[in-house]
Amino acid sequence: MLLLKIAATHVRNRMRQTVVSTLGVALGVGFSVAMASLMEGSQRDFMTTLIEAIPHVEIRDEQREPAQQPATVLYDAVAFHGLRPLEDLRGIRNPTEAIASLREWVQGEFAQRLSGQAVLRYSGQDIGMTLVGVVPRRELAVSKISEDMRQGSYEALDTTANGLVIGRKAANRLGADLGDTVILTSAGGIAKRFKIVGLFHTGVTTSDEGLAYAPLKAVQILLEKPNIINGISIRLADIKLANAVATRAERQLGYKAISWEEANEGLMEAFVVRNAIMYTVVGAILVVAGFGIFNIVSTIVHEKARDIAILKSLGFPETDIQQIFVLEGLVIGILGAIVGCLLGFGLSSYLATVKFEVTTDIEMTRLPIHFSYLHYVLACSLALFSSGVAGFIPARKAAKLNPVDIIRGAT
Amino acid sequence: MIPAAATRSETAGSLLEARSLTRILPAVVPVTLVEDVNIKIERAEFVAITGPSGSGKSSLLYLLGLLDRPTAGDMLIEDTRTGDLSSADLARLRLEKIGFVFQFHFLLPEFTALENILIPMQKLGALPAKSQLEHAEGLLADLGLEDYLDRRPAQLSGGQRQRVAVARALANSPDLILADEPTGSLDSKATEQVFDSLQSIVKRQNTTVVAVTHDMELASRMKRRIHLVDGRVDYDRVQP
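Residues numbered from 1 in each chain as written. Chains lettered and ligands numbered in written order. Predicted model: local features only at pLDDT ≥ 70, side-chain atom pairs only at ≥ 80, totals over all residues. Heavy atoms only, no water.

Peer 1: Got a minute to help me understand the overall build of chain B in this structure?
Peer 2: Scanning chain B from terminus to terminus reveals 7 helices and 10 strands. Compactness check: chain B gives a C-alpha radius of gyration of 18 Å against a globular reference of 18 Å for 240 residues, within 12% of the reference. Structurally, chain B occupies a C-alpha span of about 50 × 40 × 40 Å along its principal axes. Sorting the 240 residues of chain B into buried and exposed places 55% on the buried side. Across chain B, contacts joining residues at least 24 apart in sequence account for 68% of those joining residues at least 6 apart. Accessible surface, chain B: about 10100 Å² in total, of which carbon and sulfur atoms supply 50%. (Helix = DSSP H or I, 4+ residues; strand = E, 2+ residues; numbered from the N terminus. Rg over C-alpha atoms; globule rule 2.2 N^0.38 Å. Buried < 20%, exposed > 50% of the residue type's maximum accessible area, 1.4 Å probe, protein only. Contact = heavy atoms within 4.5 Å. Areas by Shrake-Rupley, 256 points an atom, 1.4 Å probe, with all protein chains shown as cover.)

Peer 1: Help me understand the sheet that holds strand 4 (residues 72-77) of chain B in this model?
Peer 2: Residue and element names in this part refer to chain B. The 4 strands are arranged 2-1-4-5 in an open sheet whose pairing can be described as antiparallel. Both edges of this open sheet fall to strand 2 (31-41) and strand 5 (80-81), since each of them pairs with a single strand only. Across 7 bridges, strand 1 (residues 16-25) lies against strand 2 in antiparallel orientation. For leucine 16, the partnering residue across the bridge sits in strand 2 and is isoleucine 41. Sheet strands touched by helix 1 (residues 57-64): strand 1, strand 2 and strand 4. Its angle to strand 2, the strand with the most contacts, is close to 55°. (Pairing = 2+ DSSP bridges. Axes fitted to C-alpha atoms, helices over the stretch in contact; angles between N-to-C directions.)

Peer 1: Would you mind showing me how to read the confidence of the model for chain A here?
Peer 2: In low-pLDDT segments, the atomic positions of the prediction should not be examined closely. Here chain A averages 85 in pLDDT, and 94% of its residues register 70 or above. Within chain A, the element-level pLDDT minimum falls on helix 3 (residues 70-75) of chain A, averaging 71, and the maximum on strand 5 (residues 163-167) of chain A, averaging 94. (pLDDT = per-residue confidence, 0-100.)

Peer 1: Any chance you could explain the pattern of salt bridges here in plain terms?
Peer 2: Two side chains that carry opposite charge are able to pair once their charged atoms sit near each other. If you walk through the whole model with that rule in mind, you get 22 salt bridges over all chains. The closest approach of N and O atoms between glutamate 62 of chain A and lysine 256 of chain A, which form a salt bridge, is 3.9 Å. Here glutamate 62 of chain A is found in the loop between strand 1 (57-60) and helix 3, whereas its partner lysine 256 of chain A is found in strand 10 (residues 256-259), with 194 residues between them in sequence. Taking the relative accessible area as the measure of exposure, glutamate 62 of chain A reaches 29% and is therefore partly exposed. Ionic pairing is found between arginine 224 of chain B and glutamate 45 of chain B, a salt bridge with its closest N-O pair at 2.9 Å. In this pair, arginine 224 of chain B sits in strand 9 (residues 224-229) while glutamate 45 of chain B sits in the loop between strand 2 and strand 3 (46-50), placing the two residues 179 residues apart along the sequence. Accessibility assignment for this pair places arginine 224 of chain B and glutamate 45 of chain B in one class, buried. Each of Arg43, Glu78, Lys97 and Asp175 of chain B takes part in salt bridges that share partners, so that together they form one network. (Salt bridge = Lys/Arg side-chain N within 4 Å of Asp/Glu carboxyl O.)

Here you go:
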């Protein structure tokens, strides 16, 4: 307490410099907190959008490794030449049974799909599309497509045998509108008329211009794959289980199962890099604030050389002298951290209210801010560490001062 | 704590003993401040260290007070050799046994007179907080400063500051007070007050006072006088 009292007195008696240094730390902490809140907010916002837009686990009619040929299995051969590989029929076999076996241990919603390529034609114009055959009720349980609907409805696919839901951008390119009849032609040359019953806008151009939904039966007919699906989408009750579910499902069914994390591996890595950059910048800000503290404590040490000699003559050991000046750095650091937390909270709260317009399709939006006590803990810890180091360097110098030299200089 | 037993001297009795004490300032041309000083100081002595400027009076005082380390020789406090002690041990000895009074009071400017006296007491922690306060107030009252407890050094006269410095030196009831020109910056009235204070400490508290002074008249009023010339003891005599 005595050392703290001496340290606090030194700091209090240099009010102007103390305020400036405290503000330096406070700005560092405040901006760090606001920046971290914004960065994590945007990351979470993006992830939420992403997770809502795609299935948590997607099972495809593919294998990670090429299927073993019968000759390899029968003769245990290392390599064969001159044999034509067996053509395997694509698609998930016994989809109803496969889904039922997953339901036994997976908590969530399931939807089956058949995707394929088709050409959409209207008024003499063609667009290549990825056509997805769905069971609308099931699809709505695993995706948030209904929220992206701008005209018509997704549920209309249930009541319209040849209904079609496409992106509004695709419709605009063709000049088509809700209620118009378009022609879809498969790669096998089969053409079929569909009626546009809904238009969506996701904000993702590839989907808005190149994705179409139709009833599963109609698509199976068009693509000549009766009773076949090539994908099962799963929306999990607990998203954290995505990787585990994908691994087990793949082992169980033999088809490639991809979790949302695996599907967006590159993006996840980008977030790690982004966070590393952010925390480096935050650290740099606080190191700069530390220089301010270093400056003031160094000045105090210089000015208080006589007091150091007095304290040593009174019987204060070097460790006490060192502690006094480290405490001075920490006092400034703590004050700065407290003010900085308030500033950070204020800034974050203000940023959360800022509205701006992204595109004409999305209405006014706000900056995504995520409030987390961890941001405050991290910024304060860095600030205190920086303050401690900034105080320690001049403190060590102070402790080493020879009192006799100072007393001689004063007399 | 101080590892006393291991460094006990064979000769016992003296409060302070300097054995062949030498201090050389390292430089391109080394400067000898104190050379081969051998003195013993007993309890309740009132000793003046005199000598011309540059004779090594203050340097000897800093060595006696364990503020500086000798280049050669050793210092003994109550028969405890100090040469091998760590700086932390020396600090502890200063805190417990030695009080300093400097020429320019050397009070902590941001603290009041009372706080300046309380600081060494709080550091030692030998007394409970209430007793510390009572003791500090008593010391200031004894020196006629009972009305100046809450004044900062800048609000006190030179004589008052120096008396506060004397009170601070007495705070932990040390065995030894070392004063470096305690009246050097004071007028004659203040000089008398401070000198009387030091004299009464010797008489009333059985404390040893060693004072460096230029003032021959003051030195003549002390019981013993050690005169230095060129860092060596010229004479060491008890005065009538």
